[in-house]
Amino acid sequence: MSVTPSDVKATLSFSDNSPSIDFPIYKGTIGPDVVDIRALYNKTGKFTYDPGFMSTASCNSSITYIDGDKGELLYRGYPIEQLAVKCDFLETCYLLLNGELPNATQRTDFTSLVTNHTMVHEQMGSFFQGFRRDAHPMAVLVGTVGALSAFYHDSLDITDSHHRDVSAIRLIAKLPTLVAMTHKYTLGQPFVYPRNDLSYTANFMRMMFAVPAEEYKVNDVMVRALDRIFILHADHEQNASTSTVRLSGSSGANPFACIAAGIACLWGPAHGGANEAALNMLYGIQKQGGVEKIGEFIKDVKEKDSGVKLMGFGHRVYKNYDPRAKLMRETCHEVLNELCLHDDPLFKLAMAQEKISLEDDYFVKRKLYPNVDFYSGIVQRALGIPVSLFTGIFSLARTVGWIAQWNEMISDPEQKIGRPRQLFIGAQRRDVPSIDQRK
Ligand code: SDX
């Protein structure tokens, strides 16, 4: 796919009659056109100003497309609703990395490649000992994923596509092992080694929940539910953590360091940390008295200076229902039914919260709909995953998206080190006063 110059130009004119300037417009395959303003500073001595990048495309990409108004999400053109039902996570990883779904042979080969990279160097276990048992799992993951770059000197040359491929497989394969080790370390239980006779997600669940004292029984419904959670979280255009990975990668940093940076950014409650925050929000309302307390909570949310947000709602791009939230709610039903928890008070509270919020003008006016994080916490909790590990699960799933985006950036002939400019509003040049002249 390529960028197509539009016949239409963008003309920038100034009210002080300084000369107007034309800028080219490019069309993609779907979605908004872009105005190429790269020459703006050289031609005008002016920068654009777009805090939060509300109207700024940082790159061209062929990986994921979101239509926020329609509530549509495509991975390499395939709708998430179809991928979540017809594929498993490793097929989705292959698609995101290579641009096409694997055929039977490619699927077998890719699965075996990932399976045979799930172990981590035995010395990785020593990194955990330095953490307190109650360390937040994301602190442990940022540290241990970054530490991987100390073990793989044979695949750090980012200009070598084979090195990039090897690093991609290592990261996709080892994140489950590191997330499970993080969980076991918190519990004070022994690490569980991966098993090559299990599927990717069954292997992860066994590393998370098996204990030496008894055989671990795989529950296929729960494995399928978690595998779907991985698919739903795999990639999402140029979100904050993906942009962090791209920006880190643009300096030539190695892939392990870039993914560690992405994990750090994802941790924030406005981003990947929202699933943990959304569940804690529901716990809080439940503790206050449950459904009848939702009205009071919503009142606080509308109170601007309360700083209270309805976690799991709203999105920079989706101004309609996040298609992942719909699929996550369905998965919720399946898992809770499987576990005979259909009367789970928290799930009922979440559905009541969703109904009330979708009817409330404050949310309707601001197009605030449930996003992927609203229901994911309830499903993960039902699967036995601790709240503090929810964003670690998100990191595990998003690693393939980060890697695919990082790879695309490295291979883009247009890519340069990312270096935004600023509107400076600080002090003019002044001389340093001697200490006795300072106020
Ligand atoms: C993820 O970018 C991605 O693709 C991210 C992600 C991915 O897959 O990578 O989808 C994953 O991060 C999902 C989002 C998870 N975050 C949350 O659920 C946290 C709660 N949501 C908000 O923090 C917020 O909605 C954001 C950060 C997600 C989006 O914020 P924006 O686009 O910057 O919008 P905004 O803050 O300017 O909000 C517009 C208005 C404001 O009110 P007014 O100033 O117009 O009066 O809506 C209000 C906001 O106060 N608002 C909310 C709200 N979200 C926005 N009010 C209450 N509760 C909320 N959740």
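Relevant structure appears above.
Keep in mind the model is a prediction, meaning the values are calculated, not measured. (Residues numbered from 1 in each chain as written. Predicted model: local features only at pLDDT ≥ 70, side-chain atom pairs only at ≥ 80, totals over all residues. Heavy atoms only, no water.)

What follows covers the packing of aromatic side chains. In this structure the tally under the stated criterion is 16 aromatic pairs. Aromatic pair F313 and F374: ring centres 4.9 Å apart, planes at 80 degrees, arrangement edge-to-face. Separated by 61 residues along the polypeptide, F313 in the loop between α13 (294-302) and α14 (323-338) and F374 in helix α17 (residues 372-382) bring together distant segments of the chain. The same class applies to F313 as to F374, namely buried. (Phe/Tyr/Trp six-rings, centres within 6.5 Å; stacked < 30°, edge-to-face > 60°. Helix = DSSP H or I, 4+ residues; strand = E, 2+ residues; numbered from the N terminus. Buried < 20%, exposed > 50% of the residue type's maximum accessible area, 1.4 Å probe, protein only.)

It is the contact of helix α3 (residues 89-98) with helix α18 (residues 390-411), at a shortest axis distance of 9 Å, that shows an interaxial angle of 15 degrees. Taken together, the axes of α3 and α18 lie roughly parallel to each other. Crossing angle aside, the handedness with which α3 passes α18 is right-handed. Residues F89, C93, L96 and L97 of α3 lie in contact with α18, whose contacting residues are A397, V400, I403 and A404. Of the residues that constitute the contact of α3 with α18, the class distribution is 8 nonpolar, no polar and no charged. (Axes fitted to C-alpha atoms, helices over the stretch in contact; angles between N-to-C directions. Parallel < 35°, antiparallel > 145°, perpendicular 65-115°, else oblique. Left-handed = near helix turned anticlockwise from the far one by under 90°. Contact = heavy atoms within 4.5 Å. Nonpolar A, V, L, I, M, F, W, Y, C, P; charged D, E, K, R; others polar.)

Attention shifts here to the sheet that holds strand β2 (residues 21-27). Pairing between sheet strands relies on hydrogen bonds along the backbone, with the strands arranged either parallel or antiparallel. Read across the sheet, 3 strands follow the order β1-β2-β3 without closing on themselves; strand pairing throughout is antiparallel. Each of the sheet's edge strands pairs with one partner strand only, and the pair in question is β1 (4-12) and β3 (34-35). Of the pairings in the sheet, the one linking β2 to β3 comprises 2 bridges and is antiparallel in character. Residue I25 lies in a different strand from β3, and its bridge partner there is V35. (Pairing = 2+ DSSP bridges.)

The next thing to look at is the nonpolar core. Counting residues in each nonpolar core, the largest one holds 114 residues, and the members touching the most others are Y75, L178, F204, L226, F230 and Y375. With 12 residues, α18 is the single largest residue contributor to this core. Apart from the residues within four sequence positions on either side, F230 is in contact with F89, Y200, T201, F204, I393, L396 and A397. If you look at the next biggest cluster of nonpolar residues, it comprises 5 residues, including A10, I21, F23 and I25. (Core = buried A, V, L, I, M, F, W, Y, C linked by side-chain atoms within 4.5 Å.)

Regular strands place side chains that alternate from one sheet face to the opposite one. Neither face of strand β4 (residues 64-67) is left uncovered, since the one carrying T64 and I66 and the one carrying Y65 and D67 both have all their residues buried. Here β4 pairs with strand β5 (residues 72-75) via 4 bridges, running antiparallel. Following the sheet pairing, D67 is matched in β5 by E72.

Now for the sheet that holds β5. What the 3 strands build is an open sheet, ordered β4-β5-β6; its pairing is antiparallel. What marks the edges here is a single partner per strand, and that holds for β4 and β6 (78-79). Across 2 bridges, the pairing between β5 and β6 is antiparallel. Among the inter-strand pairings, Y75 is bridged to a residue of β6, identified as Y78.

This structure, assessed with the given rule, holds 0 disulfides. Between C59, a cysteine without a disulfide, and C258, which holds the nearest cysteine sulfur, the sulfur-to-sulfur distance is 15 Å. Residue classification places C59 among the partly exposed positions, given a relative accessible area of 26%. (Disulfide = S-S within 2.5 Å.)

Following the sequence through the fold, R246 ends up in helix α10 (residues 240-250). Taking relative accessible area as the criterion, R246 reaches 8% and is therefore assigned buried. If we skip the residues at most four places from it in the chain, R246 touches C59, N60, S61, Q238, Q405, E408 and M409.

On to the site of the ligand. Taken together, 24 residues lie near the ligand, and H236, H315, R316, R324 and R398 sit nearest. K309 has a polar side-chain atom sitting 3.2 Å from an oxygen atom of the ligand. In this structure, R398 approaches the ligand through a side-chain N or O atom, which is 2.7 Å from an oxygen atom. Protein chains shield 77% of the accessible area of the ligand, which is 1100 Å² for the free molecule. Looking at the shell around the ligand residue by residue, the classes come out as 10 nonpolar, 7 polar and 7 charged. (Near = heavy atom within 4 Å. Polar contact = N/O pair within 3.5 Å; in protein donor to acceptor, adjacent residues only side chain to side chain. Areas by Shrake-Rupley, 256 points an atom, 1.4 Å probe, with all protein chains shown as cover.)

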